[in-house]
Amino acid sequence: MKRFIVRCLALGVALVALLAAALAWYAHTPVGLRTSPLDFTIEPGAGMRQVARQVVDGGIEVQPALLTWLARITGQANSIKAGSYEVERGVTPLQLLAKLSRGDVSQADLTLVEGWNIRQFRAALDRHPDLRHDSAGLSDAELLARLGIDARHPEGQFFPDTYLFARRSSDLEVLRRAHDNLQRRLAREWDKRADGLPYASPYEALIMASIVEKETGLPADRPKIASVFVNRLRAGMLLQTDPTVIYGLGAAFDGNLRKRDLLADTPYNTYTRAGLPPTPIAMPGLASLRAALNPPVTDYLYFVARGDGSSAFSRTLDEHNRAVAQYIRKRNS
């Protein structure tokens, strides 16, 4: 009897060793992939068995039960992170589990361009193939509520930049990051602002920065353009800037700004209404924020586009009228 027990124990030990060797072989043997590189997604809230099934459905040739056992034995079954992943030919089950437990997700990116308005911004989000489009169909008010943004309008509330994100991330998360980015940068520049500016709040500075952004053709002219508008506000003059009129026309603008448009009163028509418009008209970049909050000291009150991207600046209306005649004649010749 004793000999039988010893033999059973030895057989058990040998069997365990054999199984351990087989699992070790499996853990270090490259798996088959449908394509290479291969993208697949682990959905939020998935347990290890569901993760194994999603791995197989994604095009990775593994035995779900074996992968689940390996995850449990290595202590990784409860640390798998949701997201989109990319693997290449040669990956082993052990490497795959390590990648999933680290949350080593594959990334995509989206560039939000300086000077875009909220319609262009949302359109870029809607057409991005690697985002989950949770904001689609939301009104502007609903979007602000979902993001917890205390503002009357989403225009200008997001900072233009390139944002990296895990594939299948929510577009709301990208929006939230872009808003937080804007808030940080605006607060930093507001704290460093020049004395005596005609802004009652950082939001008014943001509005001005958006106008500077849309009016600037040549980056070197941006500070002087900001000084013109600041000087006009201080003097109680109308801003008379075409981009605000165009913004107020919305979808009705056909690319040709007419005299009747300049006379048609809207909240954004700075030819008919004094002061700043009620909201920003675009997403200003950092250079425009800095120009609006630290404009150079000048006595310029006017500027006109030369036609080559740069602007000619004037101190008096007569000087400005001569510049307008010169450069309009040049453009029409």
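In short, a report on the structure. Note that this is a predicted model, so its numbers are computed, not measured. (Residues numbered from 1 in each chain as written. Predicted model: local features only at pLDDT ≥ 70, side-chain atom pairs only at ≥ 80, totals over all residues. Heavy atoms only, no water.)

### As for unusual backbone geometry
With an omega of 0 degrees, the peptide bond running from Ser36 to Pro37 counts as cis. When you line up the elements, Pro37 lands in the loop between strand 1 (32-33) and strand 2 (38-42). A positive phi angle, close to 75 degrees, is found at Arg168, a residue other than glycine. Looking at the secondary structure, you find Arg168 in the loop between strand 7 (162-166) and strand 8 (169-170). Residue class for Arg168 comes out partly exposed when judged on its relative accessible area of 37%. You will see that Gln240, though not glycine, has its phi angle at about 50 degrees, which is positive. (Helix = DSSP H or I, 4+ residues; strand = E, 2+ residues; numbered from the N terminus. Buried < 20%, exposed > 50% of the residue type's maximum accessible area, 1.4 Å probe, protein only.)

### Observations concerning the pattern of salt bridges
Under the definition given, this model contains 13 salt bridges. The closest approach of N and O atoms between Arg290 and Glu189, which form a salt bridge, is 3.4 Å. Note that Arg290 is positioned in helix 12 (residues 286-293) and Glu189 in helix 7 (residues 171-191), a separation of 101 residues in sequence. Accessibility expressed as a relative area gives 3% for Glu189, which makes it buried. The salt bridge involving Arg273 is made with Asp265; its shortest N-O contact spans 2.9 Å. (Salt bridge = Lys/Arg side-chain N within 4 Å of Asp/Glu carboxyl O.)

### Notes on the side chain of Asn231
As for its position among the elements, Asn231 is in helix 9 (residues 222-235). The residues contacting Asn231, other than those within four sequence positions of it, are Thr298, Asp299, Tyr300 and Leu301. (Contact = heavy atoms within 4.5 Å.)

### Comments concerning the environment of Ala124
Considering the arrangement of structural elements, one finds Ala124 in helix 5 (residues 118-127). On a C-alpha basis, the gap between Ala124 and Pro160 in space is 12 Å, while along the polypeptide they are 36 residues apart. Apart from residues lying up to four places away in sequence, Ala124 is in contact with Leu110 and Trp116.

### Quick look at helix 3 (residues 64-73)
Regarding helix 3, the residues found buried are Pro64, Leu67, Thr68, Leu70 and Ala71. End-on view of helix 3: buried residues confined to an arc of 165 degrees, all on one side of the axis. Summarising the geometry of helix 3, the exposed residues directed more than 90 degrees from the buried face are Ala65, Trp69 and Ile73. After helix 3 finishes, the residue Gly75 shows a positive phi value of roughly 75 degrees. (Arc of directions from axis to C-beta.)

### A closer look at the nonpolar core
Leu110, Leu112, Phe121, Phe158, Leu175 and Tyr199 are the most contacted members of the largest nonpolar core, which totals 53 residues. Secondary structure elements with two or more residues in this core: strand 5 (107-111), helix 5, helix 6 (140-147), strand 7, helix 7, helix 8 (202-215), helix 9 and helix 12. In contact with Phe158, other than residues within four places in its own chain, are Ile118, Phe121, Leu147, Ile149, Leu175, Ala178, His179, Leu182 and Met283. (Core = buried A, V, L, I, M, F, W, Y, C linked by side-chain atoms within 4.5 Å.)

### Concerning the layout of surface pockets
Looking at the largest pocket, its volume works out to about 760 Å³. In terms of lining residues, the largest pocket is bounded by 30 residues, among which Glu215, Gln240, Thr241, Asp242 and Tyr271 are the most central. Listed by contribution, the elements that provide at least two residues to the lining of the largest pocket are helix 5, helix 8, helix 9, helix 10 (242-249), strand 9 (302-305) and helix 13 (317-332). The residue inventory of the lining of the largest pocket, partitioned by class, reads 16 nonpolar, 8 polar and 6 charged. Around the second largest pocket, the lining residues are Ile149, Asp150, Ala151, Arg152, Gln157, His179, Leu182, Gln183, Leu186, Tyr203 and Leu206. Where the lining of the second largest pocket is concerned, the elements lending two or more residues are helix 7 and helix 8. Residues belonging to the lining of the second largest pocket are distributed by class as follows: 6 nonpolar, 3 polar and 2 charged. (1 Å grid on protein atoms, 1.4 Å probe; cavity = no way out; pocket = protein on both sides within 12 Å on 5 of 7 lines; lining within 4 Å. Points joined across faces, edges and corners; volume = space filled by probe spheres on them. Nonpolar A, V, L, I, M, F, W, Y, C, P; charged D, E, K, R; others polar.)

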